[in-house]
Amino acid sequence: MARNPIRAPGTVSSHKPSDVSAVDERPPTTDSVRRTKRSVYVILALFVLVINGCWAIHHYQFEAMPVPLTADQAGKRGFSEEEAMKHVEALAGLGPHPVGSDALDLALQYVLGVAETIKKTAHWEVDVQVDFFHVSSGANRLASGLFKGKTLVYSDLNHIVLRIVPKYASEAEENAILVSSHIDSVVSAEGAGDCSSCVAVMLELARGISHWAHGFKNAVIFLFNTGEEEGLNGAHSFVTQHPWSDSVRLAIDLEAMGIGGKSAIFQAGPHPWAIENFAMVAKYPSAQILAQVLLQDLYSSGAIKSGTDFQVYKELAGLSGLDFAYADNTAVYHTKNDKLKLLKPGSLQHLGENMLAFLVHSAAFSRIPNDKAIAGGQKAGQDTAVYFDILGTYMIVFRQRFANLLYNSVIMQSLMIWTTSLLMGGYSAAISLALSCLSVILMWICSLSLSVLVAFILPLISSTPAPFVSSPWLVFGLFAAPALLGALTGQYLGYQILHTYLMNVSSRRRGNLSQVVQADLAKLDAERWLFKSGLVQWFVLLLIGNYYKIGSSYLALVWLVSPAFAYGLLEATLSPARLPKPLKTITLLMGLSLPFLISAGMFIRLAGTIIGTVVRFDRNPGSTPEWLGNAILAIYIAVIICLTLVYLLSCVHFSGAKTSIILATCLLFGLSIAAVLSGIIPPFTEDTSRAVNVVHVVDTTGTYGEKLEPSSYVSLFSTTPGKLTKEIEQIGEGFVCGRDKVLDFVTFSVKYGCWTEDNVRSGWSELDIPTLHVESDTKADDRNTQISIDTKSSIRWSLAINTEEIEDFKLKDSTEELIPLGGKSSVDGWHIIQFSGGKNAPKTFELSLYWANNSTKVIQQNDKRTDRHLLLKLRTDVDRLTPKAERVLEKLPSWCSLFGKSTSPHTLAFLSSLPVNF
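Since this is a predicted model, take the numbers as computed values, not measurements.

Each value, and the rule that gives it
- Residues numbered from 1 in each chain as written.
- Predicted model: local features only at pLDDT ≥ 70, side-chain atom pairs only at ≥ 80, totals over all residues.
- Heavy atoms only, no water.
- Helix = DSSP H or I, 4+ residues; strand = E, 2+ residues; numbered from the N terminus.
- Rg over C-alpha atoms; globule rule 2.2 N^0.38 Å.
- Buried < 20%, exposed > 50% of the residue type's maximum accessible area, 1.4 Å probe, protein only.
- Contact = heavy atoms within 4.5 Å.
- Areas by Shrake-Rupley, 256 points an atom, 1.4 Å probe, with all protein chains shown as cover.
- Core = buried A, V, L, I, M, F, W, Y, C linked by side-chain atoms within 4.5 Å.
- Expected span 1.5 Å × (residues − 1).
- Polar contact = N/O pair within 3.5 Å; in protein donor to acceptor, adjacent residues only side chain to side chain.
- Disulfide = S-S within 2.5 Å.
- Pairing = 2+ DSSP bridges.
- Axes fitted to C-alpha atoms, helices over the stretch in contact; angles between N-to-C directions.
- UniProt positions renumbered as here; feature names shortened; annotations may be inferred.
- pLDDT = per-residue confidence, 0-100.
- Parallel < 35°, antiparallel > 145°, perpendicular 65-115°, else oblique.
- Left-handed = near helix turned anticlockwise from the far one by under 90°.
- Nonpolar A, V, L, I, M, F, W, Y, C, P; charged D, E, K, R; others polar.
- Phe/Tyr/Trp six-rings, centres within 6.5 Å; stacked < 30°, edge-to-face > 60°.
- Lys NZ or Arg CZ within 6 Å of the ring centre and 35° of its normal.
- Arc of directions from axis to C-beta.
- Patch = residues over 30% accessible without salt bridge, like charges linked within 9 Å, V, L, I, M, F, W, Y side chains within 5 Å.
- Salt bridge = Lys/Arg side-chain N within 4 Å of Asp/Glu carboxyl O.

### Describing the overall build of the chain
Regarding its fold elements, the chain presents 23 helices and 25 strands. Relative to the 2.2 N^0.38 estimate, which gives 29 Å for 918 residues, the radius of gyration of the chain is 32 Å and therefore close to what a compact globule would have. Reported as C-alpha extents along the three principal axes, the dimensions of the chain are approximately 105 × 70 × 60 Å. Out of the 918 residues in the chain, the part that is buried amounts to 59%. Here the contacts in the chain between residues at least 6 apart in sequence split such that 82% fall between residues at least 24 apart. Of the roughly 36,000 Å² of accessible surface on the chain, 59% is carried by carbon and sulfur atoms.

Here it is in structure tokens:
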């Protein structure tokens, strides 16, 4: 018997089988084809299922919290959120407690008291050692991310270190697991989330561990540090100066970039041991390598001016470990709304139970990998881990080497299948594939264009560029609806082009059929090619991810393999029946269920994180276009829609659902725009505030050597994009807003802000003004200058040094050298020293400057740059409210909050400078 040829899906053959009795060759009728047309209601039901399913997945994965336990329910060896919350209440009740404040001293005493109680109540075979660790001084000179172009100097810091070891295992003291977080908060927040919640979890963990540790083979060290908010100074001082740091084999950092929720691992490694063991024992695992991939790139590039103590442990100490962070409601980060009432019940229980299980499991190991040795070999090909959780219940971890084998296998099989299919399908199949890929490109172009267009328009029609901050659901109407409409439109354009081509092919191969039937068959064929274009899209992403060893490439694998398997199982056929049929609904359900299950919750979570960061997006107020934050969010949403809905949209065109989807998206977009324009939904609320700074500025810049009166005024500016018109209307106090007055705060600049024009003299005196005095200037071949610095009442200051004039420098106080020569980097021609310390920190310093040989030439070449005539720029901060600043704060609208950061000034700041030609 003659064998029937195998045909690639979507192609047509005029070959007749020899056994005519085996095939019904009656030509299909118009009615028989059109009866296969997919129902509108099925398509709409699929969209409703996807939307509700994604939201349910996100809720279960990130919103469903464990039940808080009481002390009786947890027992002596368990974790009780009820007990941990008592610590949060005590610490947050102190109000803001930044470095150098009385409130921080009280917080330290509280933690010390609890630590002493743990020591007294520990198991009799467990030794609990408590160390009140004082650091006189130090300099943090890491070169990446937050630290690029900076030296962070600290002085007079206090930490509490608690070590738990079994009494009868002498080797345990030489091998320790470090658990770290910080007690201090920024000046603008009480720090319930960042990071009193972390400290509270550690205290309750230490209590429980003290009743487990008699069976341990490793010590557990709990580091309650200060100075983290000023530049990770607490972790740096422990690693470089504490004797117990040499015994640490594994580091775990607890952080918060929001308040409460599930504390997730967003950084792990470099060695995979910690994440692998965490996955084995965690009760509520929450971890996504996608977050690590994104954040590491953003940190290292400097796009995010932030960092965690884990960076110090990994880069400076060479340790591996885990970095946890609370990330609910990221808009409250470092504002007044980082408060106890917004801390979601179950948040501490979630982190506490995960950490307790991990510590009990890990500390009992006879040998934890010596990561300090491993870190040096990381560049030589040390295997890393790929990890992600499923619904916050299960966790998948596999090593990169296995991932490479898996990805390469899928890539090779995909290439073989596609190559065979195209060879069998011939020229028409290759053209059809190319045109289907064109539909993907058009889908991306149209989706991105419409969503970004809305991002551009929104600041022009709204009172604020980001009207969705307090109501994140608005982004579905403002950005997701246009992105979906654009994706559908772009793919439909490609579908029409593909359909036209397939009609021409069909007219040659199916000449015995009517034109109407040929048109419908071409539509069915085009539908299948569009579905396959989605496979090609994810195949390309897998290829790129595998080449660059991107950890999150598993997403491309899942979104490629699962739909391809469903299509091959339910749609592909070797029968001689050549005519295409509509894709089965079960194919979509089977192919897309797993990808959405694994990724939907995480995609929604990342969108929420982006929305929250808009509040503090403009770190140099006025320097960033108002639409930029919206554009980033719009691009992200459009990308997710194009990536995830490509399969589903391919089934829309051969149905009557297009009109319904277009009307629904337009209606949703219109209602969202109407809500924004009408002001029904406020962009900010008392619990989700706009980030602002109110600073009384005393400016002596440009007056070196002259007896001129300093300029004194109150400045108001915001890191949230948008004008301050509404805020000024409510405050009054004679503020003028605009771009006329560029304010250089050394660590950042304000290009748009508001200021009072009255010369405010109350609340400060001439004795508070810092001085820069040239003690000597040796103008030999190697010119050097000695400068004395007196910061007067300030123990927190920033100094910028012009590195186009100065090749190197060193800094010392009255007793020791703080910054030695060598190892300096710069950004935009400046190296910045940020100093922070406790109440007994020094206030007088000696700065030695060593000039570059071509300094005069550099001045001439850059004389158009306004700040090139300055050699030094100094800002000193004082945590004091002047009468004028106090009145402004009292009138500040409830939807505004002060924002604090290591680079932000306090409420009173003095600016001074030293010119190049002094």
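Next comes the rest of the description.
### Some details on the nonpolar core
One broad trend across soluble globular proteins is that nonpolar side chains are buried collectively. Counting 200 residues, the largest nonpolar core has Ile 209, Phe 222, Phe 224, Leu 254, Phe 468, Phe 479 and Tyr 554 as the members making the most contacts within it. With 15 residues, the top contributor of residues to this core is helix 14 (residues 474-509). Ranked by size, the runner-up nonpolar core spans 27 residues in total, among them Trp 797, Phe 809, Ile 833 and Leu 847.

### Describing helix 2 (residues 40-63)
With 24 residues, helix 2 should reach 34 Å at 1.5 Å per residue; the first-to-last C-alpha distance of 33 Å fits that figure. Inspection of helix 2 places Ile 43, Leu 46, Phe 47, Val 50, Cys 54, Ile 57, His 58, Gln 61 and Phe 62 among the buried residues, and these make up the whole buried set. Contacts made by the buried residues of helix 2 are with strand 8 (385-390), helix 14, helix 17 (585-613), helix 19 (646-649) and helix 20 (657-678).

### Looking at the side chain of Gln 491
Here Gln 491 lies in helix 14. Within polar-contact distance, the side chain of Gln 491 engages the side chain of His 653 at 2.8 Å. Excluding residues within four positions of it along the chain, Gln 491 makes contact with Ser 439, Met 443, Leu 530, Val 646, Leu 649, Ser 650 and His 653.

### A short note on the state of the cysteines
Tallying each qualifying case throughout the model produces two disulfides. Each disulfide pairs two cysteine sulfurs, and for Cys 195 the partner residue is Cys 198, the sulfurs being separated by 1.9 Å. The disulfide joining Cys 195 to Cys 198 has a torsion of about -45° about its S-S bond and is therefore left-handed. Taken as a pair, Cys 195 and Cys 198 lie in helix 6 (residues 192-209) at a separation of three residues, close to a single helical turn. The two residues Cys 195 and Cys 198 agree in class, both being buried. A sulfur-sulfur distance of 1.9 Å marks the disulfide that ties Cys 737 to Cys 754. The sign of the S-S torsion, about 100°, decides the handedness of the disulfide formed by Cys 737 and Cys 754: right-handed. Residue Cys 737 is located in strand 12 (residues 735-738), and its partner Cys 754 is located in strand 15 (residues 753-756); the two are separated by 17 residues in the primary sequence.

### Describing the sheet that holds strand 20 (residues 817-819)
The antiparallel open sheet is built from five strands, whose spatial order is 16-17-22-19-20. A single partner strand is all that each edge strand has here, and the edge strands are strand 16 (771-778) and strand 20. On average, each strand axis in the sheet is tilted by 25° relative to the strand beside it, whichever way the strands run. Bridge count for strand 17 (residues 784-790) against strand 22 (residues 844-851) is seven bridges, and the pairing is antiparallel. Following the sheet pairing, Asp 790 is matched in strand 22 by Thr 844.

### A closer look at the UniProt feature "transmembrane region" (unreviewed entry) in the chain
Mapped onto the present numbering, the UniProt feature "transmembrane region" (unreviewed entry) falls on residues 40-58, 405-425, 437-461, 473-493, 586-607, 627-649 and 661-681. Along residues 473-493 the backbone is 95% helical and 0% strand, and the end-to-end C-alpha distance reaches 30 Å. Along residues 627-649, the helical share is 91% and the strand share 0%, with 29 Å between the first and last C-alpha atoms.

### What to know about the confidence of the model for the chain
Mean pLDDT over the chain: 90, with 91% of residues reaching 70 or higher. A low-confidence stretch, residues 1-25 stays under pLDDT 50, and its non-local contacts, those more than four residues away or across chains, total 34 contacts. This stretch, residues 857-864, has a pLDDT under 50; its non-local contacts, to residues over four places away or in other chains, come to six contacts.

### Remarks on the packing of helix 4 (residues 81-92) against helix 6
Relative to each other, helix 4 and helix 6 sit at 140°, their axes nearing to 8 Å. When the interaxial angle is binned, helix 4 and helix 6 end up oblique. Note on packing geometry: the crossing formed by helix 4 with helix 6 is right-handed. Facing Glu 83, Ala 84, His 87, Val 88, Leu 91 and Ala 92 of helix 4, the residues of helix 6 in contact are Ala 192, Ser 196, Ser 197, Val 199, Ala 200, Leu 203 and Glu 204. In terms of residue class, the contact of helix 4 with helix 6 is made up of eight nonpolar, three polar and two charged.

### Details of the packing of aromatic side chains
As enumerated under the stated definition, the model contains 22 aromatic pairs in all. Relative to Tyr 567, the ring of Phe 531 lies with its centre 5.5 Å away and its plane at 20°, an arrangement referred to as stacked. Of the two residues, Phe 531 sits in helix 15 (residues 515-547) while Tyr 567 sits in helix 16 (residues 554-570), which places them 36 residues apart along the sequence. Owing to a relative accessible area of 1%, Phe 531 belongs among the buried residues under this scheme. Measuring from ring centre to ring centre gives 6.3 Å for Trp 764 and Phe 910, while their planes differ by 75°; the resulting arrangement is edge-to-face. With Trp 764 in the loop between strand 15 and strand 16 and Phe 910 in strand 25 (residues 908-915), this residue pair connects regions lying 146 residues apart in the sequence. There is no split in this pair, since Trp 764 and Phe 910 are both buried. Connected via pairs of aromatic rings, a cluster forms that spans Phe 278, Phe 324 and Phe 358. Across the ring face of Trp 830, the terminal group of Lys 873 is positioned such that the distance to the ring centre comes to 4.2 Å.

### Points about the environment of Asn 802
Tracing the chain through its elements places Asn 802 in strand 18 (residues 796-802). Through-space distance from the C-alpha of Asn 802 to that of Gly 829 is 6.0 Å; in sequence the pair is 27 residues apart.

### A few points about the side chain of Gln 834
Position of Gln 834 among the secondary structure elements: in strand 21 (residues 830-837). In this structure the side chain of Gln 834 is engaged in a polar contact, spanning 3.3 Å, whose partner is the backbone oxygen of Ser 902.

### Notes on helix 23 (residues 883-891)
All of the buried residues along helix 23 are Lys 884, Ala 885 and Val 888. One side of helix 23 carries all its buried residues, which in axial view fall inside an arc of 95°.

### Some points on the pairing of strand 3 (residues 176-182)
The buried fraction of strand 3 amounts to seven of the seven residues, a majority that puts the element mostly inside the structure. Of the two faces of strand 3, the one holding Ala 176, Leu 178, Ser 180 and His 182 and the one holding Ile 177, Val 179 and Ser 181 are both buried throughout. Bridge count for strand 3 against strand 4 (residues 219-225) is seven bridges, and the pairing is parallel. Each bridged residue has a counterpart across the sheet, and for Ser 180 the counterpart in strand 4 is Leu 223.

### Concerning the packing of helix 6 against helix 11 (residues 347-363)
Between helix 6 and helix 11, the shortest axis-to-axis distance is 10 Å and the interhelical angle comes to 40°. Relative to helix 11, the element helix 6 is oriented oblique. Viewed along their axes, helix 6 and helix 11 form a crossing whose handedness is right-handed. Here helix 6 contributes Ser 197, Val 201, Leu 205 and Ile 209 to the contact with helix 11, which in turn contributes Leu 348, Leu 351, Gly 352, Met 355, Leu 356, Leu 359 and Val 360.

### Some remarks on a nonpolar patch on the surface
A grouping of Leu 450, Leu 453, Phe 456, Ile 457, Leu 460, Ile 461, Trp 627 and Leu 677 is seen on the molecular surface, where their side chains present a nonpolar patch of about 720 Å² in accessible area. Counting residues per element, the nonpolar patch draws most heavily on helix 13 (residues 400-461), which supplies six residues. As for its position among the elements, Leu 460 is in helix 13.

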